[in-house]
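Summary of structural features
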Amino acid sequence: MGDVLAGIHSTWEFESDSVLIRFERGIRTPKLFQVLGERRIPYEALSAVELVPGGKRGTVVLRAVPREGADPLLEAAAGQLKESSDPYRLVLPAERETLADYYATELRAALPEEAAKPAEHHLVAAPAAPQSFKAYDGKASFDGKVVAFRWFWTGASTAKWKAGDQFFPVGELEDVEWRSPEGLSGHLRLRPRGAEMLAEADQDPASVVFGLGYGPVYESLPFAASVLEAVRAADPVRELESVRTAPAAPQPHRSDPADVAERIRHLGELHDAGLLTDEEFTAKKAELLAEL
């Protein structure tokens, strides 16, 4: 098509095999859009195209509907995104409805024959690693190969402190569960292969929980999508044990001594309360000192 259609918060550039969505960075633009920056959506990733009245008077919405499983961002979101944060919606002034209808017709003609079928693999790229964000009980980071959870003494449960900081190579994971921080019990939970899932996310060392101001959608959802894409692409027969040694290995950077001292103090409190044995306290203290 080779044309550009500018709307509210984003611009769609139609190319021969895809549509390039560029998001604005204005203060009124949803933060998720600002973080995404731009996304290239192959036509083969779409199942339908809709043109509907906008939520605000005097607007229309051109919406592309992705195929199931085509976009790791929407797969991770699992229907929890608010309409205003849907990156596949282009909101336009009502006077552009005729033009929008033209592009909707052109897009429908470009849809693949298998448009109604789920995609066999991701067709849209997830936000690239590295990714990181602060949850209520710890910091989550992902370098493209390993997900790390480092606990905050002010928020992490005793179960997580006893388990210690966690490291998950993507080849050991089978899925990612994201629950929006805008709802109840928001969290990011990893599902290691063959492991039992605990009932409560705040007790599960394979999860971080959200809270007021922690794990906002624009940080935690791109993170979840990036990990999910890597998990889907990982070879399940890779050598896992050699990668799993990450928790015991010296870290590539030195931790803040004040932070380590505070974490050791908290371990001492758990030990004094009888929640850690002498052996557990000694081992965890040694791990923290090794970070200096």
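Just so it is clear, the model here is predicted, and its values are computed rather than measured.

Some details on the nonpolar core
One finds W12, L62, V147, L188, L190 and V227 to be the most contacted residues of the largest nonpolar core, which totals 69 residues. At nine residues, helix α5 (residues 217–233) tops the list of elements feeding residues into this core. Each residue touching L62, except ones within four places of it in the same chain, is listed here: L5, W12, V49, E50, L51, Y88, R89, L90, L92, A100, Y103 and A104.

Looking at the sheet that holds strand β11 (residues 166–169)
What holds strands together in a sheet is hydrogen bonding between their backbones, with the strands either parallel or antiparallel. Pairing within the open sheet is antiparallel, and its four strands lie in the order β8-β9-β10-β11. Only two strands of the sheet have a single neighbouring strand rather than two, namely β8 (131–134) and β11. Pairwise comparison of adjacent strand axes, ignoring direction, gives a mean angle of 10° for this sheet. In terms of strand pairing, β8 meets strand β9 (residues 138–142) through four bridges, oriented antiparallel.

Section: the pattern of salt bridges
Throughout the structure, instances matching the rule amount to 14 salt bridges. Residues D175 and R232 are paired through a salt bridge, measuring 3.6 Å at the closest nitrogen-oxygen approach. One end of the pair, D175, is in strand β12 (residues 173–179); the other, R232, is in helix α5, and 57 residues separate them in sequence. Between R179 and E177 there is a salt bridge, with the nearest N and O atoms lying 3.5 Å from each other. Taking relative accessible area as the criterion, R179 reaches 33% and is therefore assigned partly exposed. Salt bridges sharing partners connect three or more residues here, namely E13, R22 and E38.

With respect to the environment of S16
Here S16 shows up in the loop between β2 (10–14) and β3 (18–23). A relative accessible area of 70% means that S16 is categorised as exposed. Each C-alpha atom, one on S16 and one on P42, is 9.3 Å from the other, the two residues being 26 residues apart in sequence.

Observations concerning unusual backbone geometry
A negative phi angle is the norm for most residues apart from glycine, just as the trans form is the norm for most peptide bonds. Cis peptide bonds are those with omega within 30 degrees of zero, and the linkage from A129 to P130 qualifies with 5°. Looking at where P130 falls in the secondary structure, it is placed in the loop between α3 (97–110) and β8. With a phi close to 50°, A78 is a non-glycine residue in the positive phi region. Here A78 lies in the loop between α2 (72–77) and β7 (89–93). In this model, S185 sits at a positive phi of 55°, which is unusual for a non-glycine residue. Mapped onto the fold, S185 is located in the loop between β12 and β13 (187–192).

Brief notes about α3
With 14 residues, α3 should reach 20 Å at 1.5 Å per residue; the first-to-last C-alpha distance of 20 Å fits that figure. A100, Y103, A104 and L107 are the residues of α3 that are buried. Down the axis, α3 shows its buried residues gathered within 110° of arc, on one side only. Turned more than 90 degrees away from the buried face of α3 sit T98 and A109, all of them exposed. Tucked inside the fold, the buried residues of α3 contact β1 (4–6), β2, β5 (46–53), β6 (59–66) and β7.

A few points about the side chain of R189
Residue placement: R189 occurs in strand β13. Taking the relative accessible area as the measure of exposure, R189 reaches 5% and is therefore buried. A distance of 3.3 Å separates polar atoms of two side chains, one belonging to R189 and the other to D204. Residues within four places of R189 in sequence aside, it is in contact with D175, V176, E177, M197, L198, A199, E200, A201, D204, A206 and S207.

Analysis parameters
Residues numbered from 1 in each chain as written. Predicted model: local features only at pLDDT ≥ 70, side-chain atom pairs only at ≥ 80, totals over all residues. Heavy atoms only, no water. Core = buried A, V, L, I, M, F, W, Y, C linked by side-chain atoms within 4.5 Å. Buried < 20%, exposed > 50% of the residue type's maximum accessible area, 1.4 Å probe, protein only. Helix = DSSP H or I, 4+ residues; strand = E, 2+ residues; numbered from the N terminus. Contact = heavy atoms within 4.5 Å. Pairing = 2+ DSSP bridges. Axes fitted to C-alpha atoms, helices over the stretch in contact; angles between N-to-C directions. Salt bridge = Lys/Arg side-chain N within 4 Å of Asp/Glu carboxyl O. Expected span 1.5 Å × (residues − 1). Arc of directions from axis to C-beta. Polar contact = N/O pair within 3.5 Å; in protein donor to acceptor, adjacent residues only side chain to side chain.

Without other data, these values stay purely geometric and don't point to any function.
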